[in-house]
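Okay, here's what each chain looks like letter by letter:
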Amino acid sequence: ALKARIQPKKALTASVLTANIALLCSPAASATAYMISEFAGLGISMGQYLSIVLPTALLSMLVLSCFNTFVGRTKIDEQHAQTMLQKMAVDQEETTKQYDTRVKLGVFAFIVAVGFILLFGIFPEVGPKFQVDGKVVELQMTDLVQLFMYMSAMINLLLVKVQPNQILTTHITQAAIGAIFAVLGPGWLGATIFSAPSNRAMMEDGIGGLIAQAPWLIIILVGLVAMIVISQSATASIMVPIVLSLGIPPMFFIAIVQTLNVNFVIPAQPTILFAVDVDETRSTKVTSFLIPGFFLITTT
């Protein structure tokens, strides 16, 4: 970004927000796997889920790119850019980084694992089946995701020989470890509050009639819960049963599923902390994600 004389804040905020949007399009993500497994019991396949979520995500990413390009200050002063480049000791000449074959093998293993998850999710009839006490038992989508992700991790650790100490020294790992404690507290608190039988009954009885008359209000409810809980997976596990119990059509919830990403208000998400940490210009603040984030959610 500095070489192109563009404020790093623009690129970093867009990267973090679009990564969150893409997360709910990935069957390897725990939140997506949970929702697909829940909706499968209602006759909604992974293919149907992705056919709704993926196009809207791509369109929203394009709109966010235009928003970041034309709204606010984009360019950075030449003198300031040169100063920062010298401070960071960035080589102005383009260099090509060569990756070891083992690294490429690790990436390939991950891609193959995701490919199998997509295959078994879109075509469940070809998935693994077992005979248990005379009955045919199929693996749940969440189990398949864990199985292939563990296999990918095993290949990277054993065959590719990734050094664990190198993983622990990366910026994203350090940010994630710090964010674990920040996310665990609100997530646990939110799950305790919203999953409590008395509170859940109060929401179903108290606002059920209102939501039945104006289903779009569920967008605000899901957004508020996501804002408090922060985690997409935790929010999905809390809200999907509540939404279905309120009589909201599953397809309607899938259409507004990106409201699970209203998790940038409380600055505890690992990717937000990572983006703030890597910006040497210090132009990226924890509040830099608010306006673009709400703009992105409203376009999905």
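All chains use their own residue numbering, which begins from 1 and follows the written sequence. Owing to the predicted nature of the model, reporting of local features is limited to residues with pLDDT of at least 70; listing and counting of side-chain atom pairs is limited to 80 or more, with chain, interface and lining totals taken over all residues. Note that water and hydrogens are dropped before the side-chain values are worked out from all heavy atoms of the structure.

Caption draft 1: Up close: the environment of Leu 59. With respect to the helices and strands, Leu 59 occurs in helix α3 (residues 46-70). Working definition: with a 1.4 Å probe on protein chains only, accessible area under 20% of the residue-type maximum means buried, over 50% means exposed, and in between means partly exposed. We classify Leu 59 as exposed; its relative accessible area is 51%. In this structure, the C-alpha to C-alpha distance between Leu 59 and Thr 299, residues 240 residues apart in sequence, is 8.3 Å. The way it works is that DSSP assigns letters per residue, a run of H or I at least four long becomes a helix, a run of E at least two long becomes a strand, and they are numbered from the N terminus.

Caption draft 2: Molecular detail of the pairing of strand β1 (residues 129-132). Pairing geometry for β1 and strand β2 (residues 135-138), over 4 bridges, is antiparallel. Following the sheet pairing, Phe 130 is matched in β2 by Val 137. Pairing between two strands requires that DSSP report at least two bridges joining them.

Caption draft 3: Expanded view of the packing of helix α1 (residues 8-23) against helix α14 (residues 270-278). Only C-alpha atoms enter the line fits that serve as axes; for helices the fit covers just the stretch in contact. Angles between N-to-C directions range over 0 to 180 degrees. The contact between α1 and α14 brings their axes to 10 Å, and the two run at 165°. By the angle class used here, α1 and α14 are roughly antiparallel. Helix-helix and strand crossings are classified by hand; for α1 and α14 the assignment is right-handed. Residue-level contacts link Leu 12, Val 16 and Asn 20 of α1 to Thr 271, Ile 272, Ala 275 and Val 278 of α14. Between 65 and 115 degrees an angle is taken as roughly perpendicular, under 35 as roughly parallel, over 145 as roughly antiparallel, and anywhere else as oblique. A crossing counts as left-handed when the near helix is turned anticlockwise from the far one by less than a right angle, and as right-handed when that turn is clockwise. Contact criterion: two residues are considered in contact whenever any of their non-hydrogen atoms come within 4.5 Å of each other.

Caption draft 4: Representation of the UniProt feature "transmembrane region" (unreviewed entry) in the protein chain within the structure. The UniProt record annotates "transmembrane region" (unreviewed entry) at residues 12-37, 49-71, 105-124, 144-160, 172-194, 214-231 and 238-257. Along residues 144-160 the backbone is 94% helical and 0% strand, and the end-to-end C-alpha distance reaches 23 Å. Spanning residues 214-231, this segment combines 72% helix with 0% strand, and its end C-alpha atoms are found 26 Å apart. UniProt positions are given in the numbering used here, feature names are shortened, and annotations may be inferred rather than shown by experiment.

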